Amino acid sequence: MKPNNSGFYIHHLNDLVLNWGIELASLSENDRIPGSPQRSICRQLFKARNGKLYFIQGFDESGERRKNKINSVLETLKEEGIPRIQLPIKTIEDKNLVKYNGLTWQIFEYIEGMELKRPDYQEEPWRGRKFAEILKDLKSVTSAVFGKLPKEPKFME
């Protein structure tokens, strides 16, 4: 299922997002989704009838294992009080992932960001301060979280 404006695609996307209790209103006009498109087979922004913008991505079996590991770590960090952790939305069956049409899918609320001015963004002082805040937050829970994380979180598989 590749993104397009055909009735077939929209029908399947609507059926898919109902697993999360979300009703599709329209596909987003924004075709510049930040992040790494090579990590998924299909990515789409869409607007729901509740007025929110969502990001859905589909991936193969190897991506499913990777996403499960990442989501497990993120859930642990969130439980330990790390702020600003964005978890995938749970389905109506309280799952992170859904298998549909040969792929595994997850949904996030879309957070509007800013385009990075490459390579200059690396030198922007405010980014360094924000990164330091994140490291400080992580340090504050490291000992509590360490025993709860998967033994071998191989994110780079």
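Everything discussed here concerns the structure shown above.
Rules and cut-offs
Residues numbered from 1 in each chain as written. Predicted model: local features only at pLDDT ≥ 70, side-chain atom pairs only at ≥ 80, totals over all residues. Heavy atoms only, no water. Buried < 20%, exposed > 50% of the residue type's maximum accessible area, 1.4 Å probe, protein only. Helix = DSSP H or I, 4+ residues; strand = E, 2+ residues; numbered from the N terminus. Pairing = 2+ DSSP bridges. Polar contact = N/O pair within 3.5 Å; in protein donor to acceptor, adjacent residues only side chain to side chain. Phe/Tyr/Trp six-rings, centres within 6.5 Å; stacked < 30°, edge-to-face > 60°. Lys NZ or Arg CZ within 6 Å of the ring centre and 35° of its normal.

1. Concerning the pairing of strand E2 (residues 42–48)
1) Next: For E2, the tally of buried residues reaches six of seven residues, placing the bulk of the element in the interior.
2) Next: Looking at chain direction, E2 and strand E3 (residues 53–59) are connected through six bridges and run antiparallel. Paired with Lys47 across the two strands is Leu53, which belongs to E3.
3) Next: Here E2 folds back onto E3, and the loop between the two strands holds four residues, one of which, Gly51, carries a positive phi near 90°.

2. Let's talk about the side chain of His12
1) Next: Structurally, the position occupied by His12 is in helix H1 (residues 7–17).
2) Next: Polar contacts involving the side chain of His12 include one to the side chain of Tyr100, which spans 2.8 Å.

3. What to know about the packing of aromatic side chains
Two aromatic rings are characterised by how far apart their centres lie and by the angle between their planes.
1) Next: Applying the stated criterion to the full structure yields one aromatic pair.
2) Next: Ring geometry for Phe46 against Tyr54: centres 5.5 Å apart, planes inclined by 25°, an arrangement best described as stacked.
3) Next: For Tyr54, a relative accessible area of 5% gives the class buried.
4) Next: Against the face of Phe59 rests Lys67, its NZ or CZ located 5.7 Å from the ring centre.

4. Quick look at unusual backbone geometry
Comment: phi is negative for the bulk of residues other than glycine, and the bulk of peptide bonds are trans.
1) Next: Residues other than glycine seldom take positive phi values, yet Asp94 does so here, at roughly 65°.
2) Next: Its location among the elements puts Asp94 in the loop between helix H2 (61–79) and strand E4 (98–100).
3) Next: Classification of Asp94 as exposed rests on a relative accessible area of 56%.
4) Next: Of note in the backbone geometry, Asn101 takes a positive phi value of approximately 55° without being a glycine.
5) Next: Of note, Asn101 is situated in the loop between E4 and strand E5 (103–109).
6) Next: We classify Asn101 as partly exposed; its relative accessible area is 46%.

These figures capture arrangement, not role.
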